[in-house]
Amino acid sequence: MEPLVKQIISSCWGVFIIVWLLAAIFTNRTIYRQPGPQRLAYILPIVIGGWLLFRSSRLPGPLNLRIIPHADALLVAAAILCLGGLGFCFWARALLGRNWSGTVTLKENHELIVRGPYRLVRHPIYTGLLAMALATAIQHGNIGGLLGFLLIAVSFWIKSTLEEAVMLKQFPDQYAGYRERVKRIVPFIL
């Protein structure tokens, strides 16, 4: 079961990267971009977290210590979680369309999207990516993978905070109401 789940999760990440890179070509012109030094606040944790997540089985000492058993039920759950996260990312990205950016920006003719997965969470792409990262950490089952997941979660929390400040400036009334109604990353919870 483990090799199949590993292949499913690896394939999800591969498809995600290819689609994301291709879709990044088709975005609107940027009218505001966050200054470079501010980006380090979320880039550093995600780079370190990703490195830990994907290299955790090759790390020394306690980082490669398995703390999650490789039970078939957990592995199947991880595969389903990863596939669901990927689907959630694609759904959200399709609705954002040409407004998407990998950094905190405003695009020309930027619009506030509050339909589809954005009715469930304000940052559904991060929700989907966190589901994929958690699935990967479960599949690896070690301390390094879980630490990587946590650092990625911290990165998305920081980045979403910065994005929300920009959205509040751009859409003061709409975004304030939206923020009151819809949770940030975990539907109905957080």
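Draft legend 1. Representation of the overall build of the chain in the model. When helices and strands are counted, the chain shows 6 helices and 2 strands. Along the chain, from the amino end to the carboxyl end, the secondary structure elements read α-β-α-α-β-α-α-α. Radius of gyration (C-alpha) of the chain: 17 Å, near the 16 Å computed for a compact globule of 190 residues. With respect to the principal axes defined by its C-alpha atoms, the chain has extents near 50 × 35 × 35 Å. Here the chain holds 190 residues, and the buried ones make up 45% of them. Once local pairs closer than 6 in sequence are excluded, the contacts in the chain between residues at least 24 apart make up 82%. Accessible surface for the chain amounts to roughly 9900 Å². Of this, 69% is attributable to carbon and sulfur atoms. Taken together, the 19 basic and 8 acidic charged side chains of the chain have centroids lying 6 Å from each other.

Draft legend 2. Geometry of the confidence of the model for the chain. Taken residue by residue, the chain gives an average pLDDT of 92. The fraction at 70 or more is 99%. Here strand β2 (residues 105-107) stands out as the least confident element of the chain, with mean pLDDT 72; helix α4 (residues 124-140) is the most confident, with 97.

Draft legend 3. Spatial organisation of the pattern of salt bridges. Enumeration according to the criterion identifies 4 salt bridges in this entry. Between E163 and K159 there is a salt bridge, with its nearest N and O atoms 4.0 Å apart. A residue pair is termed a helical-turn pair when its members lie 3 or 4 positions apart in one helix, as E163 and K159 do in helix α5 (residues 143-170) at 4 residues. Look at E163 and you get buried, because its relative accessible area is 16%. In the salt-bridge network here, residues are joined through shared partners; they are R122, E164, R179 and R184.

Draft legend 4. Focus on unusual backbone geometry. The backbone of F188 sits at a positive phi, close to 65°, despite the residue not being glycine. The topology assignment puts F188 in the segment after α6 (172-181). Note on F188: relative accessible area 71%, which makes it exposed.

Draft legend 5. The arrangement of the environment of G145 in detail. The topology assignment puts G145 in helix α5. Sequence separation between G145 and W51 is 94 residues, and the spatial gap between their C-alpha atoms is 9.0 Å. Each residue touching G145, except ones within four places of it in the same chain, is listed here: L52, L53, S56 and A137.

Draft legend 6. Structural view of helix α1 (residues 2-24). Taking 1.5 Å as the rise per residue, α1 with 23 residues should run 33 Å; its terminal C-alpha atoms sit 33 Å apart, in good agreement. Within α1, the full set of buried residues consists of V5, I9, C12, W13, F16, W20 and A23. Buried residues along α1 sit in contact with α2 (36-55), α3 (72-96) and α4.

Draft legend 7. Summary view of a nonpolar patch on the surface. A contiguous nonpolar patch, built from W91, L120, W157, V186, F188, I189 and L190 and spanning about 730 Å² of accessible area, is present on the exposed surface. Along the chain, V186 turns up in the segment after α6. You can call V186 partly exposed: its relative accessible area is 32%.

Draft legend 8. Region of the structure containing the packing of aromatic side chains. As enumerated under the stated definition, the model contains 8 aromatic pairs in all. Note on W20 and W100: the rings are 5.9 Å apart at their centroids and 85° apart in plane angle, and the pair reads as edge-to-face. Of this pair, W20 sits in helix α1 while W100 sits in the loop between α3 and β2, and the two are 80 residues apart along the sequence. Neither W20 nor W100 differs from the other in exposure class; each is buried. Judged by centre distance (5.9 Å) and plane angle (75°), the rings of F88 and W91 are edge-to-face. With F88 and W91 both in helix α3 and 3 residues apart, the pair spans about one turn of that helix. What makes F88 buried here is its relative accessible area of 15%. Look at W91 and you get partly exposed, because its relative accessible area is 40%. Grouped by ring-pair contacts, the aromatic residues W13, F16, W20, F54, F90 and W100 constitute a single cluster. If you follow R184 out to its NZ or CZ, it ends over the ring of W157, 3.9 Å from the centre.

What counts and how
- Residue indices begin from 1 for each chain and proceed along its sequence in written order.
- The predicted origin of the model limits local features to residues at a pLDDT of at least 70 and limits the giving and counting of side-chain atom pairs to 80 or more, whereas totals for whole chains, interfaces and linings rest on all residues.
- Values reported for side chains reflect all heavy atoms of the structure, with hydrogen atoms and water molecules removed beforehand.
- Per the convention used, a helix needs a DSSP run of H or I reaching at least four residues, while a strand needs a run of E reaching at least two, with both numbered from the N terminus.
- Note that the radius of gyration is over C-alpha atoms, with the globule rule given as 2.2 Å times the number of residues to the power 0.38.
- When accessible area is computed with a 1.4 Å probe and restricted to protein chains, residues below 20% of their type maximum are described as buried, those above 50% as exposed, and intermediate ones as partly exposed.
- By definition in these notes, contact holds between two residues if any of their heavy atoms fall within 4.5 Å.
- Shrake-Rupley sampling with a 1.4 Å probe provides the accessible areas, and residues are treated as covered by the protein chains on show and by no other component.
- Only four residue types enter the charge count, namely Lys and Arg as positive and Asp and Glu as negative; His and the chain termini do not.
- Throughout, a charge is located at the NZ atom of Lys, the CZ atom of Arg, the CG atom of Asp or the CD atom of Glu.
- The pLDDT score gives, residue by residue, the confidence of the prediction method on a 0 to 100 scale.
- Think of a salt bridge as a Lys or Arg side-chain nitrogen and an Asp or Glu carboxyl oxygen that are within 4 Å of each other.
- What a helix should span is 1.5 Å times the count of its residues minus one.
- In this analysis, a patch consists of residues with relative accessible area above 30% that form no salt bridge, clustered at 9 Å for like charges and at 5 Å for the nonpolar side chains Val, Leu, Ile, Met, Phe, Trp and Tyr.
- Any two of the Phe, Tyr and Trp rings considered here, Trp counted by its six-membered ring, make a pair once their centres fall within 6.5 Å; the pair's planes then place it as stacked at under 30 degrees, edge-to-face at over 60, or tilted in between.
- Geometrically, a charge over a ring is one whose NZ (Lys) or CZ (Arg) sits within 6 Å of the ring centre while staying within 35 degrees of the ring normal.

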